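Inside the fold
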Amino acid sequence: MITRHDLYGIPWIDLENPTTEEIRTIIEEFNINETCAIELMHPSLRAKVDRYDNYLFFVLHFPDHPANNVGGMIEIDFVVHDKFIITTKYAPIDTLLVFEKKHTLSNKTTGGKIHGGIMFGLMINDLYDGLIDELTLIKKDITDLENKIFTNPDAGISQSLLTLHRKLLDCKSALRFHHEILTSFEHESVALFGESYETTTHMIMNRYYHLITMLDSSREIVQELRETYDALLTNRTNEIMRTLTLMSFITFPLTLVVAIATFPGAPHEWHTVSGFYALILCIVIIGAIMLMYFKKKDWL
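What counts and how
Residues numbered from 1 in each chain as written. Predicted model: local features only at pLDDT ≥ 70, side-chain atom pairs only at ≥ 80, totals over all residues. Heavy atoms only, no water. 1 Å grid on protein atoms, 1.4 Å probe; cavity = no way out; pocket = protein on both sides within 12 Å on 5 of 7 lines; lining within 4 Å. Points joined across faces, edges and corners; volume = space filled by probe spheres on them. Helix = DSSP H or I, 4+ residues; strand = E, 2+ residues; numbered from the N terminus. Nonpolar A, V, L, I, M, F, W, Y, C, P; charged D, E, K, R; others polar. Salt bridge = Lys/Arg side-chain N within 4 Å of Asp/Glu carboxyl O. Buried < 20%, exposed > 50% of the residue type's maximum accessible area, 1.4 Å probe, protein only. Pairing = 2+ DSSP bridges.

What about the layout of surface pockets?
Here the largest pocket defines a volume of roughly 290 Å³. Around the largest pocket sit 19 residues that line it, and H65, D94, T95, L127 and G130 are the ones nearest its centre. The element contributing the most residues to the lining of the largest pocket is helix α4 (residues 116–151), with 7 residues. Of the residues belonging to the lining of the largest pocket, the class tally is 9 nonpolar, 3 polar and 7 charged.

Concerning the pattern of salt bridges
Counted according to the given criterion, the structure contains 9 salt bridges. Measuring nitrogen to oxygen at the nearest pair gives 3.2 Å for the salt bridge that ties R51 to E188. With a gap of 137 residues between them, R51 in strand β3 (residues 48–51) and E188 in helix α6 (residues 178–193) connect regions that are remote in the sequence. With a relative accessible area of 36%, R51 lands in the partly exposed category. Judged by relative accessible area, which is 31%, E188 ranks as partly exposed. Among the ionic pairs, D170 bridges to R166, the shortest N-O distance being 3.4 Å. One end of the pair, D170, and the other, R166, are both in helix α5 (residues 156–174), 4 residues apart, so they sit about a helical turn from each other. Given the relative accessible area of 16%, D170 is considered buried.

Some thoughts on the pairing of strand β6 (residues 85–89)
Counted residue by residue, β6 has 5 buried out of 5 residues, so it is predominantly covered. Where burial is concerned, the two faces of β6 agree: the one with I85, T87 and K89 and the one with I86 and T88 are both buried. Where strand β2 (residues 10–16) and β6 come together, 5 bridges link them in parallel fashion. In the sheet register, L15 faces β6, and the bridge partner there is T88. Of the strand pairs in this sheet, strand β5 (residues 73–81) and β6 are connected by 5 bridges, and their pairing is antiparallel. Residue pairing across strands places D77 opposite T88, the latter belonging to β6. Connecting β5 to the antiparallel partner β6 that follows it, the hairpin turn spans 3 residues.

In structure tokens, the structure reads:
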């Protein structure tokens, strides 16, 4: 499907799951290299950037709503020309829909001040801003989970930590080639659009670094929370084991005393009513002495 927009006087051709006929139409209308056109027909396994005579071709991957989804990834292909921009996607992308609506409302002809490279910069910034918003939601989940760890720890926390770690890892995986791609873009775009375009490339890189800083910070916090939760679980387990050990240490001697006193071969006095109460008294005294000793040693 081909959707055409005109933003600030720049044609934006948005393709979604394009057919062969649609790609042929784009080739003829915009004089696109056939190698580049073939790349637009299907998803690519890796990110890339290529320089052609008078335009740049990008393949970039982004995490798909990482605050809600796990493992989702989307691809956007860009053809960036001075006089137009072409995007190809293989599923609807909310950020681009919002981008189109936002800039359509403020659409004005700028007399050549905006070109395809500027439009690309605006798109990338909006895509990164969308991911920053998603990471903000993830950081809120991290804060809520942190409070829960110290107030009401339960078995579900471990699964929540793993889910957050997976989401952040998916983000990192989707964006892992962006630095390399954007670095190449900095050099090639200045040659294509002029030195004045450096302002746009710096803006894009700054937004990218902001995103990566938030991502790395969130991953570190989740890792530290995981270690803290493991330490709390270990401490809790140690407390339980110590309590059980002390209970065993108290009950075993008392059980042994009862077993000896009630053994069939034991003296007859233990089998009388007075012997029974004497046995109970011995158990209470021995138990009290052991509890006092444990208390003195700070084992209780």
